[in-house]
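Each chain is listed here by its residues.
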Amino acid sequence: MRRSLRALSPFPSFMPAPIRQVLIGLGVVLAQWLVFSHLQVWGVVPDAVLLYVAVIALRYGRVPGAIAGFAAGLAIDFLVFGGFIGLGALIKTLLGFVVGIFRSERGEMLRFDPFTAFVGALVLATVHNGLWVITALLVEDTRTLFAALGLWLGGAFYTAVLALAGSLFRRG
């Protein structure tokens, strides 16, 4: 017998969905700062905040996706990256808005199978990292093969693997 999502939630049943999503967003930002930023492989880290923004946009639409992208992106800019304050917020806001165009009718009941999660995260992270790397390379006036392949595609693959692991954990 399957229990409802409300029964499995660690939050009280009287808590409104926006407050619950803000608390989850803070948890994801803290996890990115305290855990994922230390899981570097050749300087590349998975982007859990990008996955959170995509899920919010797919569940609730363009405006909540853009708001989540801006808030989480700005928090990550201050906590993790520090160099380009606002760049991550801008890119995550744009992607939250664009992904929100494809809003699901299932809302909070939305689930991803592992293949969809991996491919969707790979495409999303490739666009995100491409915009970030191109902008960062233009500002720093440096062009290396590692930045193009390692940070762009390696980071996208690493984020897609995180999405795959999350979808396997979330199934059930």
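This one's a predicted model, so the numbers in the text were calculated from it and none came from an experiment.

## Some remarks on the overall build of the protein
Here's step 1: Looking only at helices and strands, the protein has seven helices and zero strands in total.
Here's step 2: Written out in order from the N terminus, the α and β elements of the protein read α-α-α-α-α-α-α.
Here's step 3: Expressed as a percentage of its 172 residues, the buried residues of the protein come to 37%.
Here's step 4: For the protein, the share of sequence-separated contacts (at least 6 apart) that also reach a separation of at least 24 residues comes to 70%.
Here's step 5: Carbon and sulfur atoms make up 73% of the accessible area of the protein, which amounts to about 10200 Å² in all.

## As for the pattern of salt bridges
Here's step 1: This model, assessed by the stated rule, comprises one salt bridge.
Here's step 2: Here K92 ties to D47 by a salt bridge, and the two come within 3.1 Å at their closest N and O atoms. In this pair, K92 is assigned in helix α5 (residues 87-100) and D47 in the loop between α2 (17-34) and α3 (48-60), connecting sequence segments 45 residues apart. Both residues of the pair, K92 and D47, count as buried.

## Remarks on a nonpolar patch on the surface
Here's step 1: There is a patch of nonpolar side chains on the surface, built from L30, W33, L34, V35, L39, F78, L79 and I85 and spanning about 730 Å² of accessible area.
Here's step 2: With three residues, the top contributor of residues to the nonpolar patch is α2.
Here's step 3: You can see L34 is positioned in helix α2.
Here's step 4: L34 sits in the exposed class, given a relative accessible area of 52%.

## Describing the side chain of H128
Here's step 1: With respect to the helices, strands and loops of the structure, H128 is situated in helix α6 (residues 114-140).
Here's step 2: A distance of 3.0 Å separates polar atoms of two side chains, one belonging to H128 and the other to N129.
Here's step 3: Not counting chain neighbours up to four residues away, the residues in contact with H128 comprise D47, L50, I91, K92 and L95.

## A closer look at the packing of aromatic side chains
Within a pair of aromatic rings, the relevant descriptors are the distance that separates the centres and the angle that separates the planes.
Here's step 1: As enumerated under the stated definition, the model contains one aromatic pair in all.
Here's step 2: Relative to F157, the ring of F118 lies with its centre 5.9 Å away and its plane at 85 degrees, an arrangement referred to as edge-to-face. Note that F118 is positioned in helix α6 and F157 in helix α7 (residues 145-170), a separation of 39 residues in sequence.
Here's step 3: Using a relative accessible area of 47% as the deciding quantity, one classes F157 as partly exposed.

## Some details on α6
Here's step 1: Taking 1.5 Å of rise per residue, 27 residues should cover 39 Å, and α6 covers 37 Å from first to last C-alpha, within 8% of that figure.
Here's step 2: Those residues of α6 that sit buried are P114, A117, F118, A121, L124, A125, H128, N129, G130, V133, A136 and L137.

## Section: the environment of A57
Here's step 1: Its place among the elements puts A57 in helix α3.
Here's step 2: For A57, a relative accessible area of 0% translates into the label buried.
Here's step 3: Considered as a pair, A57 and F102 are 45 residues apart in the sequence and their alpha carbons are 8.1 Å apart.
Here's step 4: Not counting chain neighbours up to four residues away, the residues in contact with A57 comprise G65, G96, V99, G100 and R103.

Calculation criteria
- Residues numbered from 1 in each chain as written.
- Predicted model: local features only at pLDDT ≥ 70, side-chain atom pairs only at ≥ 80, totals over all residues.
- Heavy atoms only, no water.
- Helix = DSSP H or I, 4+ residues; strand = E, 2+ residues; numbered from the N terminus.
- Buried < 20%, exposed > 50% of the residue type's maximum accessible area, 1.4 Å probe, protein only.
- Contact = heavy atoms within 4.5 Å.
- Areas by Shrake-Rupley, 256 points an atom, 1.4 Å probe, with all protein chains shown as cover.
- Salt bridge = Lys/Arg side-chain N within 4 Å of Asp/Glu carboxyl O.
- Patch = residues over 30% accessible without salt bridge, like charges linked within 9 Å, V, L, I, M, F, W, Y side chains within 5 Å.
- Polar contact = N/O pair within 3.5 Å; in protein donor to acceptor, adjacent residues only side chain to side chain.
- Phe/Tyr/Trp six-rings, centres within 6.5 Å; stacked < 30°, edge-to-face > 60°.
- Expected span 1.5 Å × (residues − 1).

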